[in-house]
Amino acid sequence: MQIFHRSTNTLSRATIYGAIFVVAALFWAAAEIQRSPYVTYAGVRRPQPVPFSHQHHVAGLGIDCRYCHTSVETSSFAGIPPTKTCMNCHAQIWTNAALLEPVRESYKSGKSLVWTRVNDLPDFAYFNHSIHINKGVGCNTCHGPVDRMPLMYNQASLQMEWCLECHRAPEKHLRPRDQVFNMRYEEPSESKPVEVDGKPYTDQVSLGTDLVKKYKLRTVTDITSCSTCHR
Amino acid sequence: MLFTAFVALAGCRQDMHDQPRFKPFARSDFYTDLRSARPPVEGTVARGQLREDSYLYTGKLGNDPGDYLPFPVTEELLARGQQRYDIYCAPCHSRVGDGNGVIVARGFPRKPPSYHIERLRQAPLGYFFDVITNGYGSMTDYATQIAPRDRWAIVAYIRALQLSQAATSADVPAGQKVPSDPPQFEELGSGATPPVVETKPARHSAQEEPK
């Protein structure tokens, strides 16, 4: 007695075989979703209490990052400026702008402005700004062209693979320490060499390799070990 | 298939991402002001911040500003001073200290004076320290943004700027190195992004100031 037609043999074989592809496709889709801005928020501008423009203040007015993010060189966190920092200037300029009403309100009442966090690592990962700054990783290597952002967004996914991509080969990303805050820094090239200690470099890898020595970076094994970031 | 997917997705929870731990500046619903970073109780002295050496922190001897630096002036200190000056003061006072910074040019009702007027040239070093620490008139204080040692470095650099505008070598105390040419501002010392708008700093406003 035959319940199934003969053709089901082929059909079932095809299904079993095909299932591998279906599962693979699902994994691929999951991985893509995991990396997509929908999950990581990369490139997404989020609502802020005041439409603070880095483009305006950094590129337009030439204010250095450290004027506002005062602790970036010395501590794990960069710090978001208190309202008083805005008032250094805004007590005198744009004093009637409606846009700035929340700032004045916050200054008067002493209540902090509640900014929406843009870069936010999960709480089980440890990050430290000062070491990156002091070893020559530029702000814009991680945060993107901040001086062209009318509203802040994060450029990178901030996922582990992104951190590791650099920790495995830091020489591809290092620049001289005094250029860390320069948003318009360009990697060395034939036409625009970068000079360090009087020696002109024309390509990133040779510059990076020398900086790794100069700034005494630890070995790749050290900085890719799990306990560096999960402690 | 669907079942497996559900089981797998059930693992995607945020529990480990948001733990009961405060990152610096995170919001807290526990305190009425929503700050997780608690302001210290008034009068708190953090370890290493006990102000034994009051001149270092006030720039004053008794009630009068002193006219010396609490530590030796070195070339590194002046370089540090220039870098910090360019970050924190130059937006208003301009890189040459004539008071025509980019921000002021956008319409400050009350402009900062040039550092090169006679009154400020005669002012003791401690006076500048006090202005940075406590503010002056419509200028707010910079005590929270700049650490005391850096404030002194800035003070030393301002004096160097003043001397460079009207220097004779007799003005320079022995052992103190002050650049003899006006400092070069073309080179971006601080590494800050150059402003896109061109502003022409009036280099010689010292001569124009009424004395």
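Because the structure is predicted, anything quoted here is derived from the model rather than measured. (Residues numbered from 1 in each chain as written. Chains lettered and ligands numbered in written order. Predicted model: local features only at pLDDT ≥ 70, side-chain atom pairs only at ≥ 80, totals over all residues. Heavy atoms only, no water.)

Caption draft 1: Representation of the overall build of chain B within the structure. When its secondary structure is counted, chain B shows nine helices and two strands. Reading chain B from its N end, one meets helices and strands in the order α-α-β-β-α-α-α-α-α-α-α. Sequence-distant contacts, at least 24 apart, represent 53% of the contacts inside chain B between residues at least 6 apart. Split by element, the accessible area of chain B, about 13100 Å² in all, is 56% carbon and sulfur. (Helix = DSSP H or I, 4+ residues; strand = E, 2+ residues; numbered from the N terminus. Contact = heavy atoms within 4.5 Å. Areas by Shrake-Rupley, 256 points an atom, 1.4 Å probe, with all protein chains shown as cover.)

Caption draft 2: Spotlight on a nonpolar patch on the surface. Where nonpolar side chains cluster on the molecular surface, the patch consists of Y17, I20 and F21 of chain A and spans about 380 Å² of accessible area. When its relative accessible area of 55% is taken as the criterion, Y17 of chain A is described as exposed. (Patch = residues over 30% accessible without salt bridge, like charges linked within 9 Å, V, L, I, M, F, W, Y side chains within 5 Å. Salt bridge = Lys/Arg side-chain N within 4 Å of Asp/Glu carboxyl O. Buried < 20%, exposed > 50% of the residue type's maximum accessible area, 1.4 Å probe, protein only.)

Caption draft 3: Highlighting the state of the cysteines. Enumeration according to the criterion identifies zero disulfides over all chains in this entry. C163 of chain A carries a free sulfur, and the closest cysteine sulfur to it, the one in C229 of chain A, is 6.1 Å from it. Judged by its relative accessible area of 28%, C163 of chain A falls in the partly exposed class. Summary of cysteine pairing: C92 of chain B is not part of a disulfide, and the nearest cysteine sulfur, belonging to C89 of chain A, is at 5.0 Å. On the basis of relative accessibility, which here comes to 14%, the residue C92 of chain B falls in the buried class. (Disulfide = S-S within 2.5 Å.)

Caption draft 4: Spotlight on the domain arrangement of chain A. By the assigned domains, chain A splits into domain 1 (8–38) and domain 2 (121–229). Here domain 1 of chain A and domain 2 of chain A have C-alpha centroids that lie 38 Å from each other. (Domains from an automatic or database assignment.)

Caption draft 5: Summary view of the pattern of salt bridges. Enumeration over the complete set of coordinates arrives at 13 salt bridges over all chains. With a shortest N-O distance of 3.8 Å, D120 of chain A and R117 of chain A are connected by a salt bridge. Residue classification places D120 of chain A among the partly exposed residues on the basis of a relative accessible area of 39%. A salt bridge links R80 of chain B to D150 of chain B; the shortest N-O distance between them is 2.8 Å. One end of the pair, R80 of chain B, is in helix 3 (residues 75–88); the other, D150 of chain B, is in helix 8 (residues 148–165), and 70 residues separate them in sequence. A residue is classified by how much of its surface remains accessible, and R80 of chain B, at 32% relative accessible area, is partly exposed. Within the structure, one salt-bridge network assembled from shared partners comprises D64, R66 and E73 of chain A together with R84 of chain B.

Caption draft 6: Focus on helix 8 of chain B. With 18 residues, helix 8 of chain B should cover 26 Å at 1.5 Å per step; its first-to-last C-alpha distance of 26 Å lies within 8% of that length. Most of helix 8 of chain B is tucked away: 16 of the 18 residues are buried. (Expected span 1.5 Å × (residues − 1).)

Caption draft 7: Structural view of the packing of aromatic side chains. All names here are of chain B. One pass over the full model with this rule turns up 11 aromatic pairs over all chains. With a centroid separation of 6.3 Å and an interplanar angle of 80°, the aromatic rings of Y115 and F128 are classed as edge-to-face. Residue Y115 is located in the loop between helix 5 (102–105) and helix 6 (118–122), and its partner F128 is located in helix 7 (residues 125–134); the two are separated by 13 residues in the primary sequence. Neither Y115 nor F128 differs from the other in exposure class; each is buried. (Phe/Tyr/Trp six-rings, centres within 6.5 Å; stacked < 30°, edge-to-face > 60°.)

Caption draft 8: Representation of the confidence of the model for chain A within the structure. On average, residues of chain A score 88 in pLDDT, and 96% of them are at 70 or above. When pLDDT is averaged over each element of chain A, helix 4 (residues 65–68) of chain A comes out on top at 95 and helix 2 (residues 37–40) of chain A at the bottom at 66. (pLDDT = per-residue confidence, 0-100.)

Caption draft 9: Molecular detail of the packing of helix 5 (residues 83–90) of chain A against helix 6 (residues 101–109) of chain A. Residues and elements named next belong to chain A. Direction vectors running N to C along helix 5 and helix 6 enclose 115°, while the axes themselves pass 10 Å from each other. Read as a crossing pair, helix 5 and helix 6 show a hand that is left-handed. For the pair formed by helix 5 and helix 6, the contact residues are T83, K84, C86 and M87 on the first element and V103, R104, S106 and Y107 on the second. Each residue belonging to the contact of helix 5 with helix 6 can be placed in one class, and the counts come to four nonpolar, two polar and two charged. (Axes fitted to C-alpha atoms, helices over the stretch in contact; angles between N-to-C directions. Left-handed = near helix turned anticlockwise from the far one by under 90°. Nonpolar A, V, L, I, M, F, W, Y, C, P; charged D, E, K, R; others polar.)

Caption draft 10: Representation of the nonpolar core within the structure. Formed by 41 residues in total, the largest nonpolar core has its most connected members in Y85, W152 and V155 of chain B. Secondary-structure elements contributing two or more residues to this core are helix 2 (54–58), helix 3, helix 4 (90–93), helix 5, helix 7 and helix 8 of chain B. Examining the composition of this core, we find that nine residues originate from one element, helix 8 of chain B, more than from any other. When near neighbours in sequence (up to four residues on either side) are disregarded, Y85 of chain B contacts A90, H93, S94, R95, G97, Y115, I154, Y157, I158 and L161 of chain B. Core analysis: the second largest hydrophobic core is formed by 13 residues, V118, I133, M149 and M152 of chain A among them. (Core = buried A, V, L, I, M, F, W, Y, C linked by side-chain atoms within 4.5 Å.)

Caption draft 11: Broad picture of the side chain of T85 of chain A. Examined against the element boundaries, T85 of chain A turns out to sit in helix 5. Residues in contact with T85 of chain A, not counting those within four places in the same chain, are Y67 and C68 of chain A together with Q145 of chain B.

Caption draft 12: Structural view of the environment of H173 of chain A. Residues and elements named next belong to chain A. Mapping H173 onto the fold places it in the loop between helix 9 (160–167) and strand 1 (194–196). For the pair H173 and V114, spaced 59 residues apart in the sequence, the C-alpha separation amounts to 33 Å. With residues up to four places along the chain from it excluded, the contact list for H173 reads G136, T141, E165, C166 and Q204.

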